[in-house]
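# Coordinate analysis (summary)
Residues per chain, in single letters:
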Amino acid sequence: MSSSIEIHWNEAGRLDALLPKIDPAVAGVLGRALSGEELDFDDGLRLARTAGGELEALVLAADRIRRERVGDVITYVVNRNINFTNVCFVGCRFCAFSRAPREKDVYFHSFEELQRRSLEAWELGAREVCVQGGLPRDLDPFYYRDLLRAIKQATPEMHIHAFSPMEVVYGVELTGMPLRDYLSMLKDAGLGTLPGTAAEILDDDVRHQIERIKLNVSQWLDVIKTAHRLGIRTTSTMMYGHLESEEHWVRHLMLLRDVQKETGGFTEFVPLGFVHEFTQLYKSGDARPGPTRDEHLKVHALSRLMLQGWIDNIQVSWVKMSREMAQECFLAGANDYGGTLMDENISRLAGATSGEYLSPEEFHARIRELGRIPAERTTLYKIVKTFSETNWVRCSVQGSRDCL
Ligand code: SF4
C-alpha cells in the first residue's frame, strides 16, 4: 500500500516538534482543534487535503484528542450479524451482496432460523444482533415488526440493532403508515437501535451516481431524526473511497454534527471504506478501487477532529480493511473496534478478506498490541467489562485469560 507518511505514534513530543515545521495554515487549524475549537468547512477541507508531514501531524493530533476525550480504552461489542435475505430490487451500484429473485444463490431465512441464530449467539455471549437484509419486492407489510417479535420471543434480553433507514422507508411504503407511527411500532416490537447505514455520502448528486433509486438525503435525515426524537438511538456512517471528493467528506461530517447538536441521538461514527472488487460501480470504471492507506488514516483522523465533543466514539470497521490497516486507524483517532459479527456477508461478497468473525480474545490481543485497554461494551456504550492489564496478569496466572 503506498503512502506518504510513516506514523511515529509512540514518539513522545513528535507532534509538538512537527507543528512548527509544517504548513502554518494546517498547523493553525490543528492548534485550534487541539484547544477544543469547532472546525468549519474551510478548516476541514484544508485537513482533508493534507499529505506528508501535514498528514502525519493531523493523525498525531487526532490521536492526542482521542486520548484526551475517551482515554486509552478500545471498546467492542459481542454481537452477531444476521442478514435475513440477499434478495433486493434496489440495485445499488456499490453492492455485491444483493441478488435478483431467480439467481441460484438467493436465500430468505425463516423466522425460526433467525430465532435459532439469535439464541445461538446469546448462548455464545452475544448481547446484540445486527439485523439487515436486502429489499425483496412484495414483502409482507408488517414483516419487519414480526421479525422483531420473533427474535424477542426467542431471546427476550437480546438488543436488536436493526434495519437501515432504507428498510424503514420501505416499511413505511408497504404499510402506508406515517414514519413516526411506523418507528414507534417497531420500537414497541423490540427495536433497540437503528444502524445509520444507507448514508453512503450525504449528497444527492453523489447518491444518484452510486445508487440511483435509493433514498435521498432528506429522507435519510427524516428517518434518523424521527428515530432520535422517539428515543431510538442510531449509529452514523460514511462510505468513502469510491467517486466522492474531500469536500463531500467534510460536508457529510458537518451534517452529522448538526444532527447531533439537534438530537443527541448518534452513538458513534463509523467510516466505511468502499470494498470495490466485485461491485458494478468499480467494474464500470466509475469509482476508485477503494481508499488508499492515506485516505483511511485521513478519514478517521478528520472525523475525530470535526466531530469532537459531539460524536466521540469513532469506530474502525475491521471487515472492510486489512488487520494492519485497522490497527493503524486506532493511531489516527479511533477508539472502538465494532462487533465480533459472526456471519458477516456484505463486505465479504464485495471482496473483503478480513473474515466473518473476530473473537473477543482476538480483539484483546490486537488492542493490547497497541498498548491500549480492551473493554466490552453494550450497543449504547455502557462498559460491560474492562480487561485491564492487572486483571489479565492475574487471570493468566490462573491459566484463564480475561476471566474478570
Ligand atoms: S446496499 Fe442494500 S439496498 Fe442497496 S442493493 Fe445492496 S442490499 Fe439492496
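Every chain is numbered on its own, with residues counted from 1 as its sequence reads. Per-residue local features are limited, in this predicted model, to residues with pLDDT of at least 70; the limit for side-chain atom pairs, both in listing and counting, is 80 or more; totals at the level of whole chains, interfaces and linings are taken over all residues.

### Concerning the overall build of the protein chain
Secondary structure counts use DSSP, requiring at least four H or I residues in a row for a helix and at least two E residues in a row for a strand, with both numbered from the N terminus. Looking only at helices and strands, one finds 17 helices and 10 strands in the protein chain. As defined in this context, the radius of gyration uses C-alpha atoms, and a globule is described by 2.2 Å times the residue total to the power 0.38. The C-alpha radius of gyration computed for the protein chain amounts to 21 Å, which stays within 12% of the reference 22 Å derived for 404 residues, consistent with globular compactness. With the principal axes as the frame, the protein chain shows a C-alpha extent of 60 × 60 × 40 Å. In this scheme the burial state of a residue depends on its C-beta neighbours within 10 Å: 20 or more other such atoms mean buried, 12 or fewer mean exposed, and anything in between means partly exposed; the C-beta positions come from the backbone. By residue count, 48% of the 404 residues in the protein chain fall in the buried class. Taking all contacts inside the protein chain whose residues are at least 6 apart in sequence as the whole, residues at least 24 apart take part in 77%. What counts as a contact is two residues whose backbone-derived C-beta atoms lie within 7 Å of each other.

### Section: the site of the ligand
Surveying the vicinity of the ligand reveals the residues C88, V90, G91, C92, C95, F97, S98, G134, L135 and M166. Under the convention adopted here, Pro, Cys and the residues Ala, Val, Leu, Ile, Met, Phe, Trp and Tyr are nonpolar, Asp, Glu, Lys and Arg are charged, and Gly plus all remaining residues are polar. For the shell around the ligand, the per-class residue count stands at 7 nonpolar, 3 polar and no charged. In this analysis, residues qualify as near a molecule or strand once their C-beta atom, positioned from backbone atoms, comes within 6 Å of it.

### Topic: the sheet that holds strand β5 (residues 191–194)
DSSP calls a pair of strands paired once it identifies at least 2 bridges connecting them. Strand order in the open sheet formed by 6 strands is β2-β3-β4-β5-β6-β7, with parallel pairing between adjacent strands. In this open sheet, the two strands that pair with only one neighbour each are β2 (79–83) and β7 (266–273). Averaged over all adjacent pairs, the angle separating strand axes in this sheet is 25 degrees, with direction ignored. Relative to strand β6 (residues 233–240), β5 runs parallel, the two sharing 2 bridges. Among the inter-strand pairings, L194 is bridged to a residue of β6, identified as T234. Only the contacting stretch of a helix is used when fitting its axis, a line to C-alpha atoms as for every element, and angles between N-to-C directions run 0 to 180 degrees. Along the sheet, helix α6 (residues 143–154) contacts β3 (128–132), β4 (159–162) and β5; its crossing angle with β4, the most-contacted strand, is approximately 155 degrees.

### Remarks on the domain arrangement of the protein chain
These domain limits were set by an automatic method or by a database of domain assignments. Considered domain by domain, the protein chain is made up of domain 1 (14–70) and domain 2 (73–392). With centres defined by C-alpha atoms, the gap from domain 1 to domain 2 works out at 28 Å. With 20 residues of domain 1 at the interface, the matching set in domain 2 holds 23 residues. Taken together, the elements giving at least two residues each to the side of domain 1 that touches domain 2 come down to α3 (41–48) and α4 (52–70). If one sorts the elements of the side of domain 1 that touches domain 2 by residue count, α4 sits on top with 10 residues. The class makeup of the residues in the side of domain 1 that touches domain 2 is 14 nonpolar, 2 polar and 4 charged.

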